[in-house]
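# Structure at a glance
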Amino acid sequence: MKIAILYNTSDYLLRFRSELIETLQKAGHEVIAITPRDDATPRLQALNVHWCEWQLEGQALNPLKDLAAILDLRRILSQERPDAVLNFTIKPVLYGSLVASWVGVPRIVSMITGMGSLFLPGSWKKLALLGMIKVVYRAAMRRNHRVLFQNDEDLAYFVAERFLAPAKSLRINGSGVNLARFPCQPGQAVAGSFLLISRMIREKGIHEFVAAARMVKADHPQASFVLVGPIDNNPGAITRQDIAAWEAEGIVRYAGVQADVRPFLAAAEVYVLPTYYLEGVPRSILEALSMGKPVITTDWRGCRDTVASSVNGYLVPPRDPEALADAMRQFLKDPTLSIQMGQASRALAKSKFDVEVVNDTVVQALVART
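Predicted model, so just to flag it, every value in this text is computed and none were measured.

### With respect to the pattern of salt bridges
Under the defined criterion, the tally for this structure stands at 21 salt bridges. In this structure, Arg37 and Glu53 form a salt bridge, with 3.3 Å as the shortest nitrogen-oxygen distance. Taken together, the positions of Arg37 in the loop between strand S2 (30–35) and helix H2 (41–45) and Glu53 in strand S3 (residues 50–53) put the pair 16 residues apart, joining distant regions of the chain. For Arg37, a relative accessible area of 52% translates into the label exposed. Relative accessible area serves as the criterion here: at 29%, Glu53 is assigned to the partly exposed category. For Asp72, the salt bridge identified is with Arg75, shortest N-O distance 2.6 Å. Here Asp72 pairs with Arg75, and both are found in helix H3 (residues 63–80), just 3 residues apart, close to one helical turn. Overall, Arg75 belongs to the partly exposed group, its relative accessible area being 40%. Several salt bridges converge on common partners, so that one network encompasses Glu19, Arg283 and Glu287.

### So, the environment of Pro318
For Pro318, the location among the structural elements is in the loop between strand S13 (313–316) and helix H11 (321–333). Sequence separation between Pro318 and Asp299 is 19 residues; the distance between their C-alpha atoms is 6.8 Å. Residues in contact with Pro318, not counting those within four places in the same chain, are Tyr276, Thr298, Asp299 and Trp300.

### Description of the side chain of Asn87
Relative to the helices and strands, Asn87 resides in strand S4 (residues 84–88). For Asn87, a relative accessible area of 0% corresponds to the buried category. Only 3.1 Å separates the side chain of Asn87 from the side chain of Ser110, close enough to count as a polar contact. Discounting chain neighbours no more than four positions away, the residues touching Asn87 are Leu6, Pro92, Val93, Gly96, Ser97, Ile108, Val109, Ser110 and Met111.

### Some points on the sheet that holds strand S5 (residues 107–112)
A sheet is described by the order of its strands in space; here 7 strands give the open sequence S3-S2-S1-S4-S5-S6-S7, paired in parallel fashion. Since the sheet does not close on itself, it has two edges, and those belong to S3 and strand S7 (169–171), each with one partner. For this sheet the average axis-to-axis angle between neighbouring strands, irrespective of direction, equals 20°. Examined bridge by bridge, strand S1 (residues 2–6) and S4 share 4 bridges and lie parallel to one another. From the neighbouring strand, Ala4 faces S4, where its bridge partner is Val85. Sheet contacts for helix H1 (residues 10–26): S1, S2, S3, S4 and S5; angle to S2, the most-contacted strand, approximately 170°.

Conventions used here
- Residues numbered from 1 in each chain as written.
- Predicted model: local features only at pLDDT ≥ 70, side-chain atom pairs only at ≥ 80, totals over all residues.
- Heavy atoms only, no water.
- Salt bridge = Lys/Arg side-chain N within 4 Å of Asp/Glu carboxyl O.
- Helix = DSSP H or I, 4+ residues; strand = E, 2+ residues; numbered from the N terminus.
- Buried < 20%, exposed > 50% of the residue type's maximum accessible area, 1.4 Å probe, protein only.
- Contact = heavy atoms within 4.5 Å.
- Polar contact = N/O pair within 3.5 Å; in protein donor to acceptor, adjacent residues only side chain to side chain.
- Pairing = 2+ DSSP bridges.
- Axes fitted to C-alpha atoms, helices over the stretch in contact; angles between N-to-C directions.

Put into structure tokens, the structure is as follows:
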């Protein structure tokens, strides 16, 4: 089969789906990558995929540019004539589903990797935009043969909003994690170190992480707190000036964007993600589980699937820095706790989130006849 994968950046496709591409290729399928051009495109092409440049602006809301992207995608799919398309992220899911149907692609599959900030509460303008987006979602989802969901809340929402029939939905365990690429490395962690990897946006719980760190350092000045990830440009972005002020205060260290987060995970005693973003299942948590790290995260969609509280970490309420600080202090009070919980995290990664098992499910959804 000729299978086209639609993504909003080459970088994210390479970073998050390279194992899926390899799985498809090993099964004998030809893979077409349809993405905008960016710095990662040459490395994407090195995976022996047929790459097609798509003129798409992933986050911009410009009707004329979006119409141009739809027409460009119609041109690409009409020329390539894939047997199936697999769509990731909001615009590729919406536009990919509609255009693939228009040009007669036999099999259309989408993965919902979270619902993003659009579905969070906001202004009346945002509510009006959301109403229009829901209309487009209903039209797009009904053209899919299968829609994959990473958590129960997203699936329930799509069914309740009548975006698709329940029979078309399929629940999977996140994006999966490469257990070999993210190995458990005992003995490398720095005692009392807490790590958060994320885009620097408010909804990922950055402010809560800093507030909790400030509380903990008042009692445990030796504890360390590290932020890794890019500065964002959306309305909820944390600015570089914000982070510089926290660094000057001695609360956190900011390591910026890292092409390889494994050294930071290896050095961390505990991984923390106090998000209230509308996640699928956060990829960074899966990588932390695979490397044998206890996890503190929120009792929130997607996140609660990764932690059995008091077994491999702690679940805390969203937007609650006091509860977050209390969870952090448990590891400072008992140095053996991170070892025990880290072992449970690695076991959970192996039993539930192995990327090979997850990708096999995705492939079956693509090649199925119903």
